[in-house]
Amino acid sequence: MHDDPRDNATDPSDLTQRHAIAPVEPVEPVEPVAPVASSASSASEPVAESWTPTPAATGAAAVVGGDHYTPAPEPRADWARTWDDAPPVTPERWYEPAPTPAPTAPATSDVRRGRSGNGSLVAATLLSAILASGGTVLALGAAGALDHPAAAVTSPAGSNAGTVQPVAIDESSATIAVASKVSPAVVRITVTGRSDTGNFGVIPPTGVGSGVIFDSNGWILTNHHVVEGGEKFDVELKDGRKLEGSVYGIDTLTDLAIVKVNATDLPTAAIGESDALKVGQLVIAIGSPLGTYSNSVTSGIVSAKGRSLTTTSNDQLSNLIQTDAAINPGNSGGPLLDAGGNVIGINTAIAENSNGIGFAIPIDIARPIMSQAVAGEPLSRPYMGIHFVSITRQIADAQKLPVDSGALVGGVDANGTPVSGVESGKPADLGGVKDGDIIVSLNDKVIDEEHPLDATLAQFSPGDTVDVKVLRDGATLTLKVTLGTRPAGL
C-alpha cells in the first residue's frame with residue numbers, strides 16, 4: 001500500500017518551511033483550534049494470487065513453478081462419471097449475470113481543496129456541535145432521562161426493512177467436527193488391473209478411488225466402477241496402514257460394491273438416513289480427488305433429489321442426490337455426510353464440463369446390501385415383477401386419475417402398445433396386484449415424486465413381506481406381497 005504523494009504546494013503550517021518574519025507588535029494569545037485530521041487517502045488495490053491447473057502428459061509428475069501447478073493425472077480417467085450429450089431432463093439456468101453496481105457520484109477537485117482551504121471553518125463547526133451535544137447530555141442527565149435503559153427498537157410486523165436479522169449458523173464448526181470424526185473411516189483404494197496394449201504386451205493399469213468403512217470388521221462400501229476390472233486392491237487408511245482387500249460383491253441395481261479387508265477394530269462412520277434430506281441442507285464430502293489428495297474435505301448443500309442420468313458407460317442411474325460439494329475423479333466411492341457426520345450418500349458421478357454438479361447414491365438404497373454383506377449373504381435386490389409409470393400432475397390430468405402421485409401399474413411395448421404391467425407368476429401377481437392399480441405406499445412409506453416406487457422398493461430385501469396399499473376402482477386395498485430376487489441383468 002502506498003500513501004498519496006505529498007502536495008508540493010507550500011503549506012504555511014509545515015514547520016520544515018523557512019519564511020522571513022517581519023517584527024510585529026505583541027498581541028494577546030489566541031487559543032489554538034484543533035486541526036482536522038485528513039480523511040482522504042488513496043491505496044493501491046491488492047492483487048489476488050492465482051492457481052492455474054494445466055494439462056500434463058500421462059505419467060508426468062506434479063510440477064511446481066512459475067504461475068502454474070500441475071497435479072499428477074489419474075490414469076483411469078474413465079472413472080469420472082458424466083451424463084451423456086443429450087440435454088438434461090430439467091434444464092436450468094446455471095449462470096446469472098452479475099448485478100450492475102449502482103452509479104456513484106464522481107469525486108471532484110473541490111473535495112481536496114475544501115479539506116485544506118476551509119480547515120478553520122470545519123473545525124469551528126465541529127467544535128460547536130460537540131459543545132451543543134455535551135450540553136444536551138448534561139441537561140438530560142440532570143432531568144434523569146438517562147437513568148433508565150433504552151427500550152428495544154422493533155420494526156413493524158411483516159417488515160424487516162432497516163434491521164439486521166441475526167442468523168445462527170456455525171457451518172465452519174460443523175465441517176471441522178465432521179472431518180475430525182469421519183476422516184479416519186475414509187479409505188483410499190488403489191486398484192491394479194490388466195490392460196492389453198497390443199504389440200506392447202500387457203500392462204497393469206492402476207487407478208484410485210475412495211471408500212468408507214461401515215463395519216469395524218473390515219467392511220467397506222464403495223462404487224462398482226471403482227473396483228470394476230481390478231485384480232489387486234490396496235486399501236490405505238488415514239493412519240498410514242495399508243491392507244489388501246477383495247471384492248465381496250457388486251450391486252445389480254446401482255453403482256455400488258462391497259470390499260472386505262482382513263482387519264478388526266477399524267474406525268467406522270455412522271450410517272444416517274437419506275430419506276429425510278432437504279434441499280439446501282449442508283453436506284460434506286470426503287475422499288481422494290485425483291487419486292492424490294487423500295482425505296480431502298469439501299462442503300456444499302443438497303442441490304436436488306431424485307436426479308437421473310446416463311453415464312459415459314451407458315449406465316442408467318436414478319434417484320440420485322445432487323450436490324454442489326466439490327467432487328472430482330478419485331472421490332468416487334467416498335461418503336457424502338450430513339452436519340452430524342452421518343453417511344447419507346456415496347459419491348458416484350459428476351456432470352461433464354460442469355462446476356458444482358455432483359451426484360451421490362442415497363444411503364437408504366445401499367443399506368440392505370450392507371446388511372447382507374455383514375451377515376455373509378450374497379448381495380441381491382428385491383423384485384415385484386411389475387411395470388409402472390410414476391404419476392405426475394400432467395399424467396393425472398390426462399388420464400383423469402384420482403391422485404397426482406403414486407405408481408400406476410401398466411406398461412407399453414416398443415411400439416407403444418399397452419401391455420400388462422403385472423408379470424404372471426411373479427410376487428406382485430401372487431400378491432393380488434392388478435393392471436390399473438395405483439400403488440400409493442409400501443409399508444406406509446408414501447410413493448411420490450421425491451420417493452418413487454423403485455427407490456422405495458430398493459430399501460427392502462428379497463424375502464421381505466411388505467404391505468402394498470393400492471387404489472382400485474375408488475377403493476383402497478392393502479395387499480401382502482412377498483418380495484422375490486431381482487434377476488441378473490435388470
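Across the chain, the average pLDDT comes to 74, with 63% of residues at or above 70. Summarising per-element confidence for the chain, the mean pLDDT is lowest in strand β1 (residues 63-65) (36) and highest in strand β7 (residues 219-222) (98). Ignoring residues within four places in sequence, the model shows residues 33-71, a span with pLDDT below 50, making 43 contacts including any to other chains. Across residues 145-162 the pLDDT falls below 50, and counting only partners more than four positions away or on other chains, this stretch makes seven contacts in the model.

So, on to the nonpolar core. Within the largest apolar cluster, 33 residues are counted, with the highest numbers of intra-cluster contacts made by L221 and I258. Listed by contribution, the elements that provide at least two residues to this core are α3 (171-182), β6 (206-215), β7, β12 (282-287), β14 (316-323), β16 (342-350), β17 (358-362) and α5 (363-374). Looking at which element gives the most residues to this core, the answer is α5, with six residues. By size, the runner-up hydrophobic cluster in this structure holds 19 residues, among which are I386, A407, F460 and V470.

Looking now at the side chain of R381. Within the fold, R381 resides in the loop between α5 and β18 (382-383). According to the relative accessible area criterion, R381 is buried, its value standing at 0%. A distance of 3.0 Å separates a polar side-chain atom of R381 from the backbone oxygen of A458.

Right, let's get into α5. Counted at 1.5 Å a residue, the expected span for α5 with its twelve residues is 16 Å, and the 16 Å between its end C-alpha atoms agrees. Counting buried residues in α5 gives nine out of twelve residues, a clear majority hidden from the surface. The set of residues buried in α5 consists of I363, D364, I365, A366, P368, I369, M370, Q372 and A373.

What follows concerns the pairing of β12. β12 sits mainly inside the fold: six of its six residues count as buried. Every second residue of β12 is oriented toward a common face, with L282, I284 and I286 on one face and V283, A285 and G287 on the other, all of them buried. Pairing of β12 with strand β15 (residues 335-337) involves two bridges; the strand directions are antiparallel. Considered in β15, the bridge of A285 is made with L336.

The subject of this paragraph is the side chain of K260. Tracing the backbone through its elements, the reader meets K260 in strand β10 (residues 257-261). Despite its burial, K260 remains without a salt bridge, the nearest opposite charge being carried by D215 at 7.2 Å. Of the polar contacts made by the side chain of K260, one reaches the backbone oxygen of N217; its length is 2.9 Å. Those residues in contact with K260 that lie beyond four places of it in its chain are N217, G218, W219, E244, G245 and S246.

Here we take up α3. Since the α-helix turns once every 3.6 residues, residues separated by three or four places project in the same direction. Helix length check: α3, at twelve residues, gives a terminal C-alpha distance of 16 Å against a target of 16 Å (1.5 Å per residue), a fit within 8%. Buried residues along α3 sit in contact with β3 (186-193), β12, β13 (296-310) and β15.

Glancing now at the sheet that holds β10. Note: strands within a sheet are paired through backbone hydrogen bonds, in either parallel or antiparallel orientation. Taken together, the six strands give a closed barrel; going around it, the order is β3-β6-β7-β10-β9-β8, and neighbouring strands pair in antiparallel fashion. Across the sheet, the mean angle from the axis of one strand to that of its neighbour is 40°, orientation sign disregarded.

Rules behind the numbers
Residues numbered from 1 in each chain as written. Predicted model: local features only at pLDDT ≥ 70, side-chain atom pairs only at ≥ 80, totals over all residues. Heavy atoms only, no water. pLDDT = per-residue confidence, 0-100. Helix = DSSP H or I, 4+ residues; strand = E, 2+ residues; numbered from the N terminus. Contact = heavy atoms within 4.5 Å. Core = buried A, V, L, I, M, F, W, Y, C linked by side-chain atoms within 4.5 Å. Buried < 20%, exposed > 50% of the residue type's maximum accessible area, 1.4 Å probe, protein only. Polar contact = N/O pair within 3.5 Å; in protein donor to acceptor, adjacent residues only side chain to side chain. Expected span 1.5 Å × (residues − 1). Pairing = 2+ DSSP bridges. Lys, Arg positive; Asp, Glu negative; His and termini not counted. Salt bridge = Lys/Arg side-chain N within 4 Å of Asp/Glu carboxyl O. Axes fitted to C-alpha atoms, helices over the stretch in contact; angles between N-to-C directions.

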